[in-house]
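Coordinate analysis (summary)
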Amino acid sequence: MNDFEITNELYAALFCFTLITSVFTAVLGQGGGLMLMGVLAQFIPPTTLIPVHAVIQAASNSSRAALSLKNINWSIITPILVGVIIGGALVSPFIAHINWDWMQLIIGLYILWSVWGKELKLKKNIQMSLGSLGFVQGSLGVLLGATGPLGNAILLAKGLNREQIIASNAVIMFSSHITKLIIFLMIGVVLSHYVYLLGLLSLAAILGSFIGSLLRPKIPEALFFRIFKITLSLLAFRMLYLGFIEL
């Protein structure tokens, strides 16, 4: 499918849905990317779904980070960012040969443990531990498309507040999406047919980040974390379900 096969009504519907999912992510810090991928999968061929999704999510995450620069915890996310880039780069030669669907089971269980179990026990060398987690996220991001809940589970376990979690994970996910986009372009994926669609939906994502940043402070932080943990858990259960049906 290329842009010329998409009707004006579908363009409008995708714009509105992208806007809503971006607002959702800006308010709760997660979930919107997975919802958007589910919708795009109905119209975008599998061969280009992940890079198309990456462009839109890069716009969403970069705008969300830009609106909350002072809340980014660089000391925690820097080793994660390094791991994301290395993980994505190392897994790229094996994209066509590895089926990582079963990894969703491990991610889902890890998220549930991080949210509801005891505080995540990291190695004494925090830089290495966070770097290793970033490596896993970068590797999986290239293959699974949306790994935001994993980053949020890491940041939640580190005790960051609401604004720090949302701003810091926005940077992590921006790095992940840009890395996977570069990798897919390098292996020959062409996105020229989607220029108009990508521009339109990226605009919707940026607008959604702005609206969400205005709505987020209206939610009490205690309520936010209850909703945040429930949403994170639902996303984890979704991963477990998808992992089981692929076994």
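Overview of the structure.

Rules behind the numbers
Residues numbered from 1 in each chain as written. Predicted model: local features only at pLDDT ≥ 70, side-chain atom pairs only at ≥ 80, totals over all residues. Heavy atoms only, no water. Phe/Tyr/Trp six-rings, centres within 6.5 Å; stacked < 30°, edge-to-face > 60°. Helix = DSSP H or I, 4+ residues; strand = E, 2+ residues; numbered from the N terminus. Buried < 20%, exposed > 50% of the residue type's maximum accessible area, 1.4 Å probe, protein only. Lys NZ or Arg CZ within 6 Å of the ring centre and 35° of its normal. Salt bridge = Lys/Arg side-chain N within 4 Å of Asp/Glu carboxyl O. Axes fitted to C-alpha atoms, helices over the stretch in contact; angles between N-to-C directions. Parallel < 35°, antiparallel > 145°, perpendicular 65-115°, else oblique. Left-handed = near helix turned anticlockwise from the far one by under 90°. Contact = heavy atoms within 4.5 Å. Nonpolar A, V, L, I, M, F, W, Y, C, P; charged D, E, K, R; others polar. Expected span 1.5 Å × (residues − 1). Patch = residues over 30% accessible without salt bridge, like charges linked within 9 Å, V, L, I, M, F, W, Y side chains within 5 Å. Areas by Shrake-Rupley, 256 points an atom, 1.4 Å probe, with all protein chains shown as cover.

In the structure shown here, the tally under the stated rule is two aromatic pairs. With a centroid separation of 5.0 Å and 90 degrees between ring planes, the pair formed by Tyr 11 and Tyr 196 is classed as edge-to-face. Pair noted here: Tyr 11 is in helix H1 (residues 8-28) and Tyr 196 is in helix H9 (residues 195-215), with a separation of 185 residues, a long-range link. Accessibility expressed as a relative area gives 9% for Tyr 11, which makes it buried. Overall, Tyr 196 belongs to the exposed group, its relative accessible area being 52%. Measuring from centroid to centroid gives 5.2 Å for Phe 224 and Phe 225, while their planes differ by 80 degrees, and the two rings are edge-to-face. Residue classification places Phe 224 among the buried positions, given a relative accessible area of 0%. Classification of Phe 225 by relative accessible area gives buried; the value is 18%. Its guanidinium or amino end placed over the ring of Phe 224, Arg 162 lies 5.5 Å from that ring's centre, counting from NZ or CZ.

This paragraph deals with the pattern of salt bridges. A side chain with one charge may pair with a side chain of the opposite charge, provided their charged atoms come close. All chains considered together, the criterion is met by two salt bridges. Taken together, the salt bridges that share partners define one network made up of Arg 162, Glu 163 and Arg 216.

Further remarks concern the packing of helix H2 (residues 32-40) against helix H3 (residues 46-66). Close contact between H2 and H3 brings their axes to 10 Å; oriented N to C, the two are set at 135 degrees. Judged on the interaxial angle alone, H3 and H2 are oblique. The chirality of how H2 crosses H3 is right-handed. For the pair formed by H2 and H3, the contact residues are Gly 33, Leu 36, Met 37 and Leu 40 on the first element and Leu 49, Ile 50, His 53, Ile 56 and Gln 57 on the second. Of the residues in the contact of H2 with H3, the class split is six nonpolar, three polar and no charged.

Taking 1.5 Å as the rise per residue, H9 with 21 residues should run 30 Å; its terminal C-alpha atoms sit 30 Å apart, in good agreement. When H9 is considered as a whole, its buried residues turn out to be Leu 197, Leu 198, Leu 200, Leu 201, Ser 202, Ala 204, Ala 205, Gly 208, Ser 209, Gly 212 and Ser 213. Structurally, H9 contributes buried residues whose contacts are with H1, H2 and H3.

This next bit is on the side chain of Ser 168. As for its position among the elements, Ser 168 is in helix H8 (residues 162-186). If sequence neighbours within four positions are ignored, Ser 168 has contacts with Asn 71, Ile 72, Asn 73, Ile 77, Leu 155 and Leu 160.

Another point: the environment of Val 91. Mapped onto the elements of the fold, Val 91 is located in helix H4 (residues 74-91). Relative accessible area serves as the criterion here: at 5%, Val 91 is assigned to the buried category. It is 9.7 Å that separates the C-alpha atoms of Val 91 and Ile 183, two residues lying 92 residues apart in sequence.

Among the surface-exposed residues, Leu 67, Leu 207, Phe 210 and Leu 214 lie close enough to one another that they form a single nonpolar patch of about 370 Å² accessible area. Residue placement: Leu 214 occurs in helix H9. Relative accessible area serves as the criterion here: at 48%, Leu 214 is assigned to the partly exposed category.

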